[in-house]
Amino acid sequence: MIAVVKNDIMHATPSEGPAFWARAFAAVYDPFLWVGERAGVRALRKELLGKARGFTVEIGSGTGLNLPHYPDELDELVLVEPDLPMRSRLEKRLSETSRRARLVDAPAERLPFADRSVDTVVSTFVLCTVDDPELALQEIVRVLRPDGQLLFLEHVRSDSPRLASWQNRLAEPWRRFARGCRCNRATAELMMTSGLTLDNVREGSWPAMPPIVRPLITGRAEIGTSNG
């Protein structure tokens, strides 16, 4: 049996759209990403998550697409997912593997972990969806040890003025379709202003996805006093 720990301080399931769309979106999530995963994103996940170490917390774990890519020698893996339909699929996927992990029901804006207790935080296609990204990043900084790391793979606002303009125009309908996803969020800039130093950031493109969510960044961040 897999235990799901609830964060009683602030239990919140995303409210973007009615309950039936929440269930439907969770059901179509993996098929919707299928081509992109096989065209390169799966390889990006594997490379990124191979750097995880120690006590690792993944925020917004979704349906569990990252599960196969974690090193076996982690001290502990905690999967944080506040959305019930997503978490149900995550729990099922976890039960079908030999991976040992603990599921936690909590939002990224209120992580139920002590200050400076986490070695690695993982965020893949999550920071676009949280309602308060500044607060979520503050939480990440709070829970990370001084030598801890944030491993991230996120779609971001485009550097192309033309595509960025389309991202702005389509931001609201896309948010409604994708249950809170902000296609025009400047996530790298938000990370840098939160007290994180970005390291080895690479830009890329999300294959087989709508152009407004294709621009990607992947890399590592750590707590620092400068963001050069």
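Within any chain, residue numbers begin from 1 and follow the written order of that chain's sequence. Only residues with pLDDT of 70 or above have their local features reported here, since the model is predicted, and side-chain atom pairs are shown and tallied only from 80 upward, although totals for entire chains, interfaces and linings are computed over all residues. Working from all heavy atoms in the structure, the side-chain values ignore hydrogens and water.

Peer 1: Looking at this model, I keep getting lost on the state of the cysteines. Mind explaining?
Peer 2: Cysteine pairs can be linked by a disulfide, which is a covalent bond between their two sulfur atoms. Any two cysteine sulfur atoms within 2.5 Å of one another count as a disulfide. Per the counting criterion, the structure on display carries zero disulfides. Here Cys 181 is not disulfide-linked; the sulfur of Cys 128 is the nearest cysteine sulfur, at 3.7 Å.

Peer 1: Quick question: what am I supposed to make of the pairing of strand E2 (residues 55-59) here?
Peer 2: The two faces of the sheet receive side chains in turn, since in a regular strand these alternate between them. Working definition: with a 1.4 Å probe on protein chains only, accessible area under 20% of the residue-type maximum means buried, over 50% means exposed, and in between means partly exposed. Only runs of H or I of at least four residues qualify as helices and only runs of E of at least two qualify as strands under DSSP, and these elements are numbered from the N terminus. Of all five residues in E2, five are buried, a share of seventy percent or more. For two strands to count as paired, DSSP must find a minimum of two bridges between them. As judged from the five bridges shared by E2 and strand E3 (residues 76-80), these two strands associate in the parallel manner. Across the sheet, Glu 58 pairs through a bridge with Leu 79, a residue of E3.

Peer 1: Got a minute to help me understand the nonpolar core in this structure?
Peer 2: Across soluble globular proteins, nonpolar side chains have a tendency to be buried as a group. For our purposes a nonpolar core is just a set of buried Ala, Val, Leu, Ile, Met, Phe, Trp, Tyr and Cys residues, chained together by side-chain atoms within 4.5 Å. Tyr 70, Leu 79, Trp 174, Trp 206 and Val 213 are the most contacted members of the largest nonpolar core, which totals 33 residues. Secondary-structure elements contributing two or more residues to this core are helix H1 (19-49), E3, helix H2 (84-95), strand E6 (144-155) and helix H4 (161-177). Per-element tally for this core: the top contributor is H1, with seven residues. Any two residues having at least one pair of non-hydrogen atoms within 4.5 Å are treated as being in contact. Once you skip the residues sitting within four places of it in the chain, Val 213 turns out to touch His 155, Trp 174, Cys 183 and Trp 206. Formed by 30 residues, the second largest nonpolar core is a distinct cluster that contains Val 80, Leu 137, Met 191 and Leu 198.

Peer 1: I tried to follow the packing of aromatic side chains on my own but got confused; where do I start?
Peer 2: One pair of aromatic rings is described through two measures. These are the centre distance and the angle between the planes. Ring pairs shown here join Phe, Tyr and Trp side chains whose ring centres sit within 6.5 Å, with only the six-membered ring taken for Trp; geometry is labelled stacked below 30 degrees between planes, edge-to-face above 60, and tilted in between. Within this structure, the stated rule accounts for eight aromatic pairs. Relative to Phe 177, the ring of Phe 25 has its centre 6.2 Å away and its plane inclined at 85 degrees; by these criteria the two rings are edge-to-face. Residue Phe 25 is found in helix H1, and its partner Phe 177 is found in helix H4; the two are separated by 152 residues along the sequence. Taking the centre distance of 6.0 Å and the plane angle of 70 degrees together, the rings of Phe 32 and Phe 177 count as edge-to-face. On the criterion of sequence distance, the pair formed by Phe 32 in helix H1 and Phe 177 in helix H4 is long-range, its members being 145 residues apart. Taking the relative accessible area as the measure of exposure, Phe 32 reaches 38% and is therefore partly exposed.

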